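Inside the fold
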Amino acid sequence: MIKNYFKIAFRGFWKHKLFTLINVIGLSIGISAALVIYLIVHFDLTFDKFHKDGDRIYRVVSNYSFQGEKGYNSGVCGPLAGAVKSQATGVEVAAPFYTLSQPNVFIAGKGNVPVRFKNQDNIVLAGPEYFKIFNYKWLAGSQKTALNAPNQVVLTSDQAKKYFASVPYNQMIGKIVTYDTIKTTVTGIVETITENTDFSFHDFISYSTVTVNKDLKDQLQLTEWESTSSSSQLFIRISPTANAARMEKQLNSILKKNSPPKPEDKGNTHGFSLQPLSDLHFNENYGNFDSGQIASKNTMYGLLVIASFLLVLGCINFINLTTAQATQRAKEIGIRKTMGSSRKQLISQFLSETFLITLIAVIISVMLTPLILKLFSDFVPKGIKIDFLQPSLILFLIVLTAAVSLLSGFYPAIMLSGYKPILVLKNQANSNSSKTRNAWLRKSLTVTQFIIAQFFIMATVLVSKQIYYALHKDLGFKKDAIVFINSPWKNRTASRNQVFLNKLRAIPQVQLVSVGGAPPSSGSTHSTLVSYMDGKKEIKTDVELKFADENYMNLYKIKLLAGRAIQKGDTGKFVVINNTYARVLGFRSPHEAIGKTLLHFNGVKALQVVGVVADFYQKSLHSPIKPIAIYTGTSPFMTGTFHIALKPQSANGDDWKVAIADMKKSWKEIYPDDDFEYNFFDEDIAKFYEAEQHTSTLLNWATGLSIFISCLGLLGLAIYTTNQRTKEIGVRKVLGASVAQIVTLLSTELIWLIVLAFVLVTPLAWYAMHKWMENFADRTAISWWIFTSSGAAMLLAAVFTSSFQTVKAAIANPVKSLRSE
């Protein structure tokens, strides 16, 4: 019987080839989107799920509030780990670790000649507790003793092979590895984690090395409760009976006990909270280590919505076309029922047909998935692997096939199997009530299609408008034709900086050079609490610092509102602030701030305000403009970045390439052991909006596909409608109706459906856009033309698609139309 079902189904597919093709294409697009998005979502949701007792593992993170401004840090103060071990209850294991800043690694090569591995990342100081919390397979050495003593190191298998390529793991034990000046002995090898994880560390130096190394002791600040670094992190595993909320209270009690609040800290807070292990991969506030890739849950939800919409569009096409063809199968159903077929058998027949079409669509989708992942390689997270033999993926495809088959085929199967054989054989299968019910269903589903398609069009236009606004807005500084280069931290000295500066100035294509800290707008932030005495009233403000020399403001064309710019010799004496900070201090005019004194670094140093500049954006338009202080300093931190303004390119367009090549040559003369890296400032700013640009790309595709699927279904309905009204069209033409009148007659209903969809979707789209735009402190307007142009675009696309069939029907010879009846 099942064989017979499939045989009849294939005959029907061949008889209605066009409708079958439309259904397969629509479902293939929706299923392909669902499959790709499942791979992305599954990939992100499986990070670090393999650790035992993962639901009891937390990272201790720091939260701040400065005069209402919230701040987040993934690190903790140095002494906390020791205090937790000795004072907190309910903690099974506390594992602190400290990330080293890209040390050079040396091992003994042939003839004991040292082999150097430059600037290695993901190297941490960690104790044996780390391996008690996180699961690693030991290949050599003992977990119990591997990191118990100072100057010991455990390596992952991949890193061990990198250092000692041809040496067996057990013979690596006892080998010497030196990290800058830290000489360590290999005491263990663990297998590199192959599952999805954010823990990409590969060298684990014993934490107790701090006790015998003064430089490390200074870096970790193990007695400083008021100093926090994201390099110093703490993970804990709480006992099964412990409670995370109560544990947070304990941690904050420990902090309060060791670092009680001071009177001058009124309005400022510092506390700890517990971040679940499962949140590491998704929380942008704290990040997930330097090499980690943060996933956005909002993006995941958006992807799921897009996949659902595209699947619904494909299913709507199927339902519409199947119910539209109902009359063509009425006699078949009547004869089957007369011959003894039950309604259950007929439903099984129709569902099997739907299942076959869905299965074909799934097979096509499986074949297309690798191509789609390659096409969207910039958007898809790195590390996704396709394994169609993976049990979870097989289960997903089975559930998806069943769900789509039921969603698409259930209503048509119920409707078609409900025909009464006597009425069918008398050609009365489609009573007026049945026709009306089916027509209203098709219209409702068509309106739903147009709502989804128009929503995507509106969203795409607005996102593109906001990105254009962000990239072309006057940010308060010059961003074009500027290159910045960070000098290497370890080899950064005033004399080397000066030599490189002189060489840069000698390059013909260079217009101006400045040495200082980060550019006006950057991802890094350096801020401090600055005080100002307004009479007896003290105004404390969290101020972002910009380190600059006398050329900085001129190079970036930062507008001066009052006073003067930074000059040579201003080091540690004078400061320039922005207009926002001047207003925070209570000055109505920028000129009023000139000559006032700021108490810098909690009153340690007094700086006189000599200038006020116009506001400029320190970060993307997501963030509001904050108080800024620009001043010059002499420490390596304040003089590590070279800002280079280039002259305009000549006609051949090679000037900048030549300049970059000269910069690289000069760099290698001064810093031969360090890689030359540079950034164009405008490209760096564009990176602020990578997420939005990815969203825009995704919406463009979703919009195009939704319009394509909707128009495919529309074309199928137009074909069916014109075929059903062939005689009516012929009679109207004989009575004198023009082609334009016939086309208008056939298109009027479609136009009203699109207008209805436009009326329904506009408030929904406006609300969704308004919520998305709240992510930006400065945003473009949600203009009325976004909605009208989107509605007009959908209307034109739909009319254009249906016109292929309506015009064809309108220009057909009425003699043939009437003869065919």
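All of the points below concern the structure found in this document. (Residues numbered from 1 in each chain as written. Predicted model: local features only at pLDDT ≥ 70, side-chain atom pairs only at ≥ 80, totals over all residues. Heavy atoms only, no water.)

1. Looking at the overall build of the chain
Scanning the chain from N- to C-terminus turns up 24 helices and 26 strands. Considering only residue pairs separated by 6 or more positions, the chain has 79% of its internal contacts joining residues 24 or more positions apart. For the chain, the exposed area adds up to about 39400 Å²; of that, 58% sits on carbon and sulfur atoms. (Helix = DSSP H or I, 4+ residues; strand = E, 2+ residues; numbered from the N terminus. Contact = heavy atoms within 4.5 Å. Areas by Shrake-Rupley, 256 points an atom, 1.4 Å probe, with all protein chains shown as cover.)

2. Digging into the sheet that holds strand β16 (residues 482-486)
What the four strands build is an open sheet, ordered β17-β25-β16-β26; its pairing is antiparallel. The strands lining the two open edges of the sheet, one partner per strand, are β17 (510-516) and β26 (679-680). As paired elements, β16 and β26 share two bridges and run antiparallel to each other. Along β26, the bridge assignment pairs valine 483 with phenylalanine 680. (Pairing = 2+ DSSP bridges.)

3. Topic: the pattern of salt bridges
What the rule picks out here adds up to 12 salt bridges. Of the charged contacts, one joins lysine 503 and glutamate 669 as a salt bridge, the two residues approaching to 3.0 Å between their closest N and O atoms. With lysine 503 in helix α15 (residues 494-505) and glutamate 669 in helix α18 (residues 655-670), this residue pair connects regions lying 166 residues apart in the sequence. Linking arginine 583 and aspartate 615 is a salt bridge whose minimum nitrogen-to-oxygen distance equals 3.4 Å. Placement of arginine 583 in helix α17 (residues 579-584) and of aspartate 615 in the loop between β23 (605-613) and β24 (628-631) is noted, with a sequence separation of 32 residues between them. The partly exposed category is assigned to aspartate 615, whose relative accessible area is 23%. (Salt bridge = Lys/Arg side-chain N within 4 Å of Asp/Glu carboxyl O. Buried < 20%, exposed > 50% of the residue type's maximum accessible area, 1.4 Å probe, protein only.)

4. Focus on the nonpolar core
Of all hydrophobic cores here, the largest spans 46 residues; its most connected members are Leu27 and Ile31. Elements that contribute at least two residues to this core include exactly α2 (17-45), α9 (297-324), α11 (343-375), α12 (391-417), α14 (432-472) and α20 (690-724). (Core = buried A, V, L, I, M, F, W, Y, C linked by side-chain atoms within 4.5 Å.)

5. Here's the deal with the side chain of threonine 156
Mapped onto the secondary structure, threonine 156 falls in strand β9 (residues 152-156). Residue threonine 156 is classed as buried on the basis of its relative accessible area of 4%. Apart from residues lying up to four places away in sequence, threonine 156 is in contact with Ile189, Val190, Thr192, Phe201, His202 and Phe204.

6. Some details on a nonpolar patch on the surface
A contiguous nonpolar patch, built from Phe355, Leu359, Ile363 and Met367 and spanning about 370 Å² of accessible area, is present on the exposed surface. Secondary-structure assignment places isoleucine 363 in helix α11. (Patch = residues over 30% accessible without salt bridge, like charges linked within 9 Å, V, L, I, M, F, W, Y side chains within 5 Å.)

7. Some points on unusual backbone geometry
Backbone phi values are negative for most residues with the exception of glycine, while trans is the configuration of most peptide bonds. Even without being a glycine, aspartate 48 presents a positive backbone phi close to 55°. As for its position among the elements, aspartate 48 is in the loop between α2 and β1 (57-66). One non-glycine residue, glutamine 221, adopts positive backbone phi at about 45°. Tracing the backbone through its elements, the reader meets glutamine 221 in the loop between α7 (214-220) and β13 (228-229).

8. Description of the packing of aromatic side chains
Counted by the stated rule, this structure contains 40 aromatic pairs. Ring geometry for phenylalanine 455 against phenylalanine 456: centres 6.4 Å apart, planes inclined by 65°, an arrangement best described as edge-to-face. Owing to a relative accessible area of 23%, phenylalanine 455 belongs among the partly exposed residues under this scheme. For the ring pair phenylalanine 477 and phenylalanine 616, a centre distance of 6.1 Å and an interplane angle of 80° mean the geometry is edge-to-face. (Phe/Tyr/Trp six-rings, centres within 6.5 Å; stacked < 30°, edge-to-face > 60°.)

9. Here we look at the pairing of strand β25 (residues 641-646)
Most of β25 is tucked away: six of the six residues are buried. Side chains of β25 alternate between two faces, with Thr641, His643 and Ala645 and Phe642, Ile644 and Leu646 buried alike. Strand direction decides the pairing type here: β16 and β25, joined by five bridges, are antiparallel. Along β25, the bridge assignment pairs isoleucine 485 with phenylalanine 642. Relative to β25, β17 runs antiparallel, the two being bridged by six bridges. By the bridge assignment for β25, glycine 516 is matched with threonine 641.

10. Some points on the environment of alanine 765
The topology assignment puts alanine 765 in helix α22 (residues 739-773). Judged by relative accessible area, which is 1%, alanine 765 ranks as buried. Spatially, the C-alpha atoms of alanine 765 and isoleucine 452 are 9.9 Å apart, while their sequence positions differ by 313 residues. Among residues more than four places away in sequence, those in contact with alanine 765 are Phe455, Met458 and Phe787.

11. Quick notes on helix α8 (residues 244-258)
Each turn of an α-helix holds 3.6 residues, which means side chains three or four residues apart point in the same direction. Over its 15 residues, α8 runs 21 Å from end to end, which matches the ideal 21 Å to within 8%, given 1.5 Å per residue. Considered for burial, the residues of α8 that qualify are Met247, Leu251, Ile254 and Leu255. For α8, the arc enclosing every buried residue in end-on projection is 100°, short of the 170-degree limit, so these residues lie on one face. Exposed and facing more than 90 degrees away from the buried side of α8 are Arg246, Lys249, Lys256 and Lys257. Here the buried face of α8 lies against β1, α3 (80-87), β4 (91-99), β14 (232-238) and β15 (268-276). If you check the start of α8, you find a side-chain oxygen 2.8 Å away from the backbone N of alanine 245, and it comes from asparagine 243. (Expected span 1.5 Å × (residues − 1). Arc of directions from axis to C-beta. Polar contact = N/O pair within 3.5 Å; in protein donor to acceptor, adjacent residues only side chain to side chain.)

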